[in-house]
Amino acid sequence: MKLTQLAACIAAASLLTACGSSSDSDSAPAINMEKAQLVLNTNADIALAAYIDSVETAKALKTALATLKTTPDATNLEAAKKAWLVSREPYGQTEVYRFRNSPIDSSDYASEDGPEGDINAWPLGEALIDYVITNDNDFTADQVGVTANEAGINENGAVTGAVANQNIIQSTVTIDAELLANTATASDEHDVIAGYHAIEFLLWGQDLNTTDQSATNGADRDQAVNLGANGGQRPLTDFTADVANPDSPAARRHAYLEVAVDKLIEDLETVRDGWKAGADYRTKFTSIETESQAKQKLTEILTGMGTLSEGELAGERMQIAYSSNSQEDEHSCFSDNTHRDVWLNAEGVANSFYGEYAGYDSNQDGVDDVTTNAVDGYGINDYLRDVGLDSLADETVTALAATQTHYTAIDAKARDAQNPQPFDVLIMDENRNATNPVALTIIALNKQSNVIQDIASELGLGDVVDDEASSCNTTTPGVACD
């Protein structure tokens, strides 16, 4: 996630009393315990399936990186990039399990001490990891640098990218798991050096002008899109030059990737294991004996759905970048894969509603073709219809469909073979208008979150969409966030 504090109403035992509305609860229909249990079981089944797939695709990424290290050539670099893209497909669908003290965010169902910050945090402090190019537009020192660090670079002080060898790769700092655990400790939280996006940066590099590898200026990213490859195009020599020397930058990049992917797998395995049958978290989440307990667990599910929809995805992950034309604030800015992040995060919300997980896309054609762990269970949609709330279910189906229409359009723009427009092109000033699919998706996600709140209110669960979760007004996508 972007390292902004979210979800003041994170689900916990205190959530109902802290965020709930007594009037909602008093007038709400009784919870159908049998049906609620089905919702919880399926919700846990989907989480386990998606995290299993996340671990397995991360392991495939590790294999690809090992091959790149053994034989660093163009073919294996592209294979490693593809493995990274595939690894994002199941993981993106798990983001709906955040903001509710599940194992990604919490080790004990209460504390906010989970490994998420080491898995998917951004913006990255790329200047802290490797060399960068800076300018006054897309890649300012404030955007790519950090105000401080605990990696031992520049005596743990600021790193701006101005000094070529003032970063982890170019230094003699020991690259190990302990180093990568020192992430997001600076006051600006830009010193992220672990997780998916650290690997992404090392594979792609900055998303520069493809013609001369110069920095884009915020108005020419459309001219920098290469029909043959999206995102940054780190030269192969970064992985080959003097690679036999273990102290060379090339050898240290391989070492960094090796440590980063091992840590990513370990962190994902920790989260996956929390959802296994018999695990402490899953047992607590799926055990309900009273209506109050059932309401709490349903609230947790809807809090993940509502908070991801509005505050996190629409606001932090889309509107901040869109309203300010900030490439650095897009989710996967090195690989130009943000169109998939948006799709997958939104798909995860729909998964929770429908009680389904279709698997993931392994060949980048937009269709889930790996269905080994697919789940077809009982979701919020089924519950609403079984307790006679069909109209509310229909409203939600309509809202989710509208969101899907617009995020599909973002995806189509990025995939257009004749005129590809990845997310960083769509957010350029000249493209910011009322018909932009990014703007339309933000608005649709806002409306979707309102319907999710309506479900919670109807069931007497209180507030599940925190107005303070984001600094953005997602009803007006073009307006800068505070």
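Remember, predicted model here, so these are calculated numbers, not experimental data.

1. Section: the overall build of the protein chain
Thought 1: The helix and strand tally for the protein chain stands at 17 helices and two strands.
Thought 2: Against the 2.2 N^0.38 benchmark of 23 Å for 482 residues, the protein chain shows a C-alpha radius of gyration of 22 Å, consistent with a compact globule.
Thought 3: With the principal axes as the frame, the protein chain shows a C-alpha extent of 70 × 50 × 40 Å.
Thought 4: In the protein chain, which comprises 482 residues, the proportion classed as buried is 59%.
Thought 5: Taking the contacts inside the protein chain whose residues are at least 6 apart along the sequence as the reference set, 76% of them involve residues at least 24 apart.
Thought 6: If you sum the accessible surface of the protein chain, you get close to 17500 Å²; carbon and sulfur atoms cover 48% of it.
Thought 7: When the 28 basic and 78 acidic side-chain charges of the protein chain are each reduced to a single mean position, those positions are 5 Å apart.

2. Remarks on helix 9 (residues 196-204)
Thought 1: Among the nine residues that make up helix 9, nine are buried, leaving the element largely enclosed by the rest of the structure.
Thought 2: Of all the residues in helix 9, the buried ones are Tyr-196, His-197, Ala-198, Ile-199, Glu-200, Phe-201, Leu-202, Leu-203 and Trp-204.
Thought 3: Buried-residue contacts for helix 9 involve helix 3 (33-70), helix 4 (74-92), helix 5 (116-119), helix 6 (126-129) and helix 10 (249-274).
Thought 4: With its phi angle positive at about 75 degrees, Gly-205 sits one or two positions after the end of helix 9.

3. Thoughts on the state of the cysteines
Thought 1: Applying the stated criterion to the full structure yields one disulfide.
Thought 2: One disulfide bridge connects Cys-472 with Cys-481, the sulfur atoms lying 2.0 Å from each other. As the torsion about the S-S bond is roughly 100 degrees, the Cys-472-Cys-481 disulfide counts as right-handed. The burial state of Cys-472 is the same as that of Cys-481; both residues are buried.
Thought 3: Cys-333 takes part in no disulfide bond, and the closest cysteine sulfur to it belongs to Cys-481, at a distance of 17 Å.

4. Considerations on the nonpolar core
Thought 1: Ile-199, Leu-203, Tyr-256 and Trp-275 are the most contacted members of the largest nonpolar core, which totals 122 residues.
Thought 2: Looking at which element gives the most residues to this core, the answer is helix 3, with 16 residues.
Thought 3: Here Trp-275 is in contact with Ala-44, Ala-47, Leu-48, Tyr-51, Tyr-97, Arg-100, Ser-102, Pro-103, Tyr-281, Arg-282 and Phe-285, once residues within four sequence places are set aside.

5. Regarding helix 3
Thought 1: In this model helix 3 runs 56 Å from its N-terminal to its C-terminal C-alpha over 38 residues, within 8% of the 56 Å that 1.5 Å per residue would give.
Thought 2: The opening residue of helix 3, the one whose side-chain oxygen lies 3.2 Å from the backbone nitrogen of Glu-34, is Asn-32.

6. What to know about the packing of aromatic side chains
Thought 1: Tallying each qualifying case throughout the model produces 10 aromatic pairs.
Thought 2: Judged by centre distance (6.0 Å) and plane angle (5 degrees), the rings of Tyr-281 and Phe-285 are stacked. Here Tyr-281 pairs with Phe-285, and both are found in helix 11 (residues 280-286), just four residues apart, close to one helical turn. Per residue, the accessibility class of Tyr-281 equals that of Phe-285, and both read buried.
Thought 3: Taken together, the aromatic side chains of Tyr-97, Tyr-109, Trp-275, Tyr-281 and Phe-285 make up a single cluster linked through ring pairs.
Thought 4: The ring of Tyr-196 is capped by Arg-88, whose NZ or CZ atom sits 4.8 Å from the centre of that ring.
Thought 5: The ring centre of Trp-343 lies 4.6 Å from the NZ or CZ of Arg-340, which sits over that ring.

7. What to know about the packing of helix 3 against helix 10
Thought 1: Where helix 3 contacts helix 10, the two axes come as close as 9 Å, and the packing angle between them is 165 degrees. Here helix 10 runs roughly antiparallel to helix 3, going by the angle between their axes. The interaxial crossing formed by helix 3 with helix 10 has left-handed handedness. Here helix 3 contributes Leu-48, Tyr-51, Ile-52, Ser-54, Val-55, Ala-58, Lys-59, Leu-61, Lys-62, Leu-65, Leu-68 and Lys-69 to the contact with helix 10, which in turn contributes His-254, Leu-257, Glu-258, Val-261, Asp-262, Leu-264, Ile-265, Leu-268, Glu-269, Val-271 and Arg-272.

8. Concerning the pattern of salt bridges
Thought 1: Taken as a whole, this structure holds 25 salt bridges when the rule is applied.
Thought 2: Taken together, the shared-partner salt bridges in this structure form one network comprising Glu-89, Arg-340, Asp-411 and Arg-415.

9. Digging into the packing of helix 9 against helix 10
Each pair of packed helices can be summarised by the angle the axes make with each other and by the distance between the axes.
Thought 1: Running from N to C, helix 9 and helix 10 cross one another at 155 degrees; their axes reach a closest spacing of 9 Å. In terms of axis orientation, helix 9 runs roughly antiparallel to helix 10. Regarding helix 9 and helix 10, the two cross each other, and that crossing is left-handed. Residue-level inspection shows Tyr-196, Ala-198, Ile-199, Leu-202 and Leu-203 of helix 9 in contact with helix 10, the latter providing Arg-253, Tyr-256, Leu-257, Ala-260, Val-261, Leu-264 and Leu-268.

10. Quick word on the environment of Gly-278
Thought 1: Of note, Gly-278 is situated in the loop between helix 10 and helix 11.
Thought 2: Along the backbone, Gly-278 and Ala-162 are 116 residues apart, and their C-alpha atoms lie at a distance of 52 Å.

11. Some words on the confidence of the model for the protein chain
Thought 1: On average, residues of the protein chain carry a pLDDT of 91, and 94% of them reach 70 or more.
Thought 2: Within the model, pLDDT remains below 50 along residues 1-23, and this stretch shows 65 contacts once partners closer than five positions in the same chain are excluded.

12. Structural notes on the environment of Gly-152
Thought 1: With respect to the element layout, Gly-152 can be found in the loop between helix 7 (141-144) and helix 8 (177-180).
Thought 2: We classify Gly-152 as partly exposed; its relative accessible area is 45%.
Thought 3: Taking the C-alpha atoms as reference points, Gly-152 and Ile-168, separated by 16 residues in sequence, lie 8.4 Å from one another.

13. What about the side chain of Ser-335?
Thought 1: Within the secondary structure layout, Ser-335 lies in the loop between helix 12 (291-324) and helix 13 (338-354).
Thought 2: In terms of polar contacts, Ser-335 uses its side chain to reach the side chain of Glu-200, at 2.8 Å.
Thought 3: Among residues more than four places away in sequence, those in contact with Ser-335 are Trp-84, Leu-85, Glu-200, Trp-204, Asn-230 and Gly-231.

14. Focus: unusual backbone geometry
Thought 1: A cis amide bond, omega 0 degrees, links Trp-122 with the succeeding residue Pro-123.
Thought 2: By the element assignment, Pro-123 lies in the loop between helix 5 and helix 6.
Thought 3: The phi torsion at Asn-154 lies on the positive side, around 50 degrees, for a residue other than glycine.
Thought 4: By relative accessible area, which is 36% here, Asn-154 ends up partly exposed.

The rules behind the values
Residues numbered from 1 in each chain as written. Predicted model: local features only at pLDDT ≥ 70, side-chain atom pairs only at ≥ 80, totals over all residues. Heavy atoms only, no water. Helix = DSSP H or I, 4+ residues; strand = E, 2+ residues; numbered from the N terminus. Rg over C-alpha atoms; globule rule 2.2 N^0.38 Å. Buried < 20%, exposed > 50% of the residue type's maximum accessible area, 1.4 Å probe, protein only. Contact = heavy atoms within 4.5 Å. Areas by Shrake-Rupley, 256 points an atom, 1.4 Å probe, with all protein chains shown as cover. Lys, Arg positive; Asp, Glu negative; His and termini not counted. Charge placed at Lys NZ, Arg CZ, Asp CG, Glu CD. Disulfide = S-S within 2.5 Å. Core = buried A, V, L, I, M, F, W, Y, C linked by side-chain atoms within 4.5 Å. Expected span 1.5 Å × (residues − 1). Polar contact = N/O pair within 3.5 Å; in protein donor to acceptor, adjacent residues only side chain to side chain. Phe/Tyr/Trp six-rings, centres within 6.5 Å; stacked < 30°, edge-to-face > 60°. Lys NZ or Arg CZ within 6 Å of the ring centre and 35° of its normal. Axes fitted to C-alpha atoms, helices over the stretch in contact; angles between N-to-C directions. Parallel < 35°, antiparallel > 145°, perpendicular 65-115°, else oblique. Left-handed = near helix turned anticlockwise from the far one by under 90°. Salt bridge = Lys/Arg side-chain N within 4 Å of Asp/Glu carboxyl O. pLDDT = per-residue confidence, 0-100.

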